[in-house]
Amino acid sequence: MGCGGEEQGDREDLKASGHGSGNVHQLSAHRQFSSVDPPPAAAYIGFLDQPTLTPAEAPPVVTTCAHCGRQNDPGSRFCMDCGKPLTASAIAMNTPPGAQPGIPATRVYASGTQPAQGQAPKCSSCGHEVDPTLPFCSFCGAKLATQAVPAAMTCPKCGAAIADAGFKFCPNCAAPLGKGAAEPPAREATAVFSAKRAATPPVSLVVLAEDGTRGNRFALVGEETTIGRVGADIAFADDSYLSPLHAVLVWKNGELLVRDLGSRNGTWIFLSGPHRLVDGDLVLVGSQVLRFRRLGYPGPHPPEADATRRMGSIVPSADIACLAQLRADGSVRDIFHLSPGRDVALGRDRGDWVFPYDPSMSGAHATVKSEDADFVLADAGSRNGVAVAVRGDQVLTKGSRILVGDRLLMVEMA
């Protein structure tokens, strides 16, 4: 019959096996192709060979909570984060009789007893093992009470975390651990350094009146004690000659030092012996403030072009230093020059430089002696003494007298 007979026989076999032409038309009528599935050139009649996946190869079914969006493990009936039901049976279990089905309130159960060592905790409602880090049971939705987590063990020596409580030695520093290990001695907290915390020095300051009588006594408060008008450890609020923070007394290595804090009128130490003057020294004689300055030796003058000699005053020797009298504004009033080999006496009515208008100066008050190229200041037995302004740190001893503002203070030591 040729090809037509063979094709007719194949159609009869398909009809006998249940895949007749009716089924072919039915398949072509209901099959719809998407944009990603190109239609075949001709209708395919036959069985589709689909591979069968094993249970291990099948993708896991993850249930997403409609309330909080948490993806729960397969088989979970309640959300592990919010405890809401995920399945119809779970909703029916949590819905009271006669109530409308929906998402019920979360049930709260007691956590029960603590699990034994090495055992997973169980839900006190349904008895299933639960993850202690989750807030709800994934089987019944009961809220799990938070269990106390033991604090991590740390090394008492280096502070490193110990992973296993059974370790006998620290893996970081090898320090012994456990009950048998000797506990380290308690360490005293390190105190912030402060000079005020040092031991109180055995020194006090006594206020001296104009007639020499002793007044109030002030003890030093620590390694450093400030003197001033406002905010100082020793304050004299009624002394307008004092700066707010005028001077500081420092007790160091058993020695008392005084330092001026940049005050307006300076801090003065009264001489107990001769003092070698240094360029820039300020000297207090009576009520006179004198400044010592070095001038140096004058050099030879070059001859004039016409060989004419210059006239000048006859002086005993070259003037290499001077004492300048200072006003309250710092300007200079009078100057007295000093020269080698010449001693100078200062007083109210006797001496080389006199100040008859100063009632606080004695008749013969002080002397400035020449020693080679240096000049030494000394008290000539005056009533009120001679003082030199403090420059840097100056050592004070027992009986030393200092003038700060209008206050005369004497040092007393135990």
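In the block above lies the structure referred to throughout.
About the thresholds
Counting of residues starts from 1 at the beginning of each chain's written sequence and follows it residue by residue. For a predicted model such as this one, the threshold for reporting local features is a pLDDT of at least 70, and the threshold for listing and counting side-chain atom pairs is 80 or more; totals across whole chains, interfaces and linings nevertheless cover every residue. Neither water nor hydrogens contribute to the side-chain values; these are computed over all heavy atoms in the structure. A pair of strands is treated as paired once DSSP finds two or more bridges between them. We count a stretch as a helix when DSSP gives it H or I for four or more residues in a row; a strand needs E for two or more, and each element gets its number in order from the N terminus. The aromatic pairing rule takes the rings of Phe, Tyr and Trp, using the six-membered ring of Trp, and pairs them if the centres are within 6.5 Å, calling planes under 30 degrees apart stacked, those over 60 edge-to-face and the rest tilted. For the exposure calls, accessible area comes from a 1.4 Å probe over protein chains only, and a residue counts as buried if that area is under 20% of its type's maximum, exposed if over 50%, partly exposed in between. Working rule: Lys NZ or Arg CZ, within 6 Å of ring centre, within 35 degrees of ring normal, means a charge sits over the ring. Every case where a carboxyl oxygen of Asp or Glu lies within 4 Å of a side-chain nitrogen of Lys or Arg is listed as a salt bridge. Comment: axis = line fitted to C-alpha atoms, over the contacting stretch for helices; angle = value between 0 and 180 degrees taken between N-to-C directions. Only heavy atoms matter for contacts: two residues are in contact if any of them lie within 4.5 Å across the pair.

Colleague: Quick question: what am I supposed to make of the sheet that holds strand 22 (residues 393–396) here?
Modeller: Each strand in a sheet pairs with another by means of backbone hydrogen bonds, the pair being arranged parallel or else antiparallel. Strand order in the open sheet formed by five strands is 8-7-9-10-22, with mixed pairing between adjacent strands. A single partner strand is all that each edge strand has here, and the edge strands are strand 8 (234–235) and strand 22. By the bridge criterion, four bridges tie strand 7 (residues 224–228) to strand 9 (residues 247–252) in an arrangement that is antiparallel. Across the sheet, the residue bridging to Glu224 is Val250, located in strand 9.

Colleague: Can you walk me through the packing of aromatic side chains in this structure?
Modeller: Given two aromatic rings, their pairing is described by the distance between the two centres and the angle made by the two planes. Inspection of the entire model under this criterion finds five aromatic pairs. When the ring of Phe218 is compared with that of Phe236, the centres are 5.5 Å apart and the planes differ by 80°; the resulting orientation is edge-to-face. Highlighted residues: Phe218 in strand 6 (residues 214–219) and Phe236 in the loop between strand 8 and strand 9, separated in sequence by 18 residues. We classify Phe218 as partly exposed; its relative accessible area is 23%. Since its relative accessible area comes to 7%, Phe236 is described here as buried. Centroid distance Trp353 to Phe355: 5.0 Å. Interplanar angle 45°. Geometry classified as tilted. Judged on exposure class, the residue Trp353 and its partner Phe355 are both buried. Through a chain of ring-to-ring contacts, the aromatic side chains of Phe336, Trp353, Phe355 and Tyr357 assemble into a single cluster. In this arrangement the basic side chain of Arg401 is found over the ring face of Phe270, its NZ or CZ atom lying 4.7 Å from the centre.

Colleague: Explain the pattern of salt bridges to me, please; I cannot follow it from the model alone.
Modeller: Where charged atoms from two side chains of opposite charge come close, those side chains can pair. Enumeration over the complete set of coordinates arrives at 12 salt bridges. Between Arg214 and Glu412 there is a salt bridge whose closest N-O contact spans 2.4 Å. With a gap of 198 residues between them, Arg214 in strand 6 and Glu412 in strand 24 (residues 407–413) connect regions that are remote in the sequence. Residue classification places Arg214 among the exposed residues on the basis of a relative accessible area of 53%.

Colleague: Would you explain the sheet that holds strand 15 (residues 321–326) in this entry?
Modeller: The strand order 6-5-24-23-11-21-13-14-15-16 describes an open sheet built from 10 strands, whose pairing is antiparallel. Each of the sheet's edge strands pairs with one partner strand only, and the pair in question is strand 6 and strand 16 (332–338). Adjacent strand axes in the sheet meet at a mean angle of 30°, parallel and antiparallel pairs treated alike. Direction of pairing for strand 14 (residues 288–294) relative to strand 15: antiparallel, over a ladder of five bridges. In the strand pairing of strand 15, Phe292 is matched with Leu323.

Colleague: Got a minute to help me understand the pairing of strand 7 in this structure?
Modeller: When a strand is regular, its side chains alternate between the sheet's two faces. With four of its five residues buried, strand 7 lies for the most part within the structure. The pairing of strand 7 with strand 8 spans two bridges and is classified as parallel. Paired with Ile227 across the strands is Ile234, a residue of strand 8.

Colleague: Where do I start with unusual backbone geometry in this structure?
Modeller: With the exception of glycine, most residues fall at negative phi, and the peptide bonds are largely trans. At Asn253, a residue that is not glycine, the phi angle is positive and equals roughly 55°. Position of Asn253 among the secondary structure elements: in the loop between strand 9 and strand 10 (255–260). Residue Asn253 is classed as exposed on the basis of its relative accessible area of 78%.

Colleague: Mind showing me how you'd approach the side chain of Thr267 here?
Modeller: Mapped onto the secondary structure, Thr267 falls in strand 11 (residues 267–270). Accessibility expressed as a relative area gives 0% for Thr267, which makes it buried. For Thr267, the residues in contact, after removing those within four places along its chain, are His246, Ala247, Val258, Asp260, Val388, Ala389, Val390, Leu403 and Val404.

Colleague: Can you walk me through the pairing of strand 9 in this structure?
Modeller: Taking burial as the measure, the six residues of strand 9 include five buried ones, the bulk of the element. As paired elements, strand 9 and strand 10 share six bridges and run antiparallel to each other. Residue pairing in the sheet places Leu249 in a bridge with Val258 of strand 10. The antiparallel pairing of strand 9 with strand 10 creates a hairpin that spans two residues between the two strands, and Asn253 there sits at a positive phi of about 55°.

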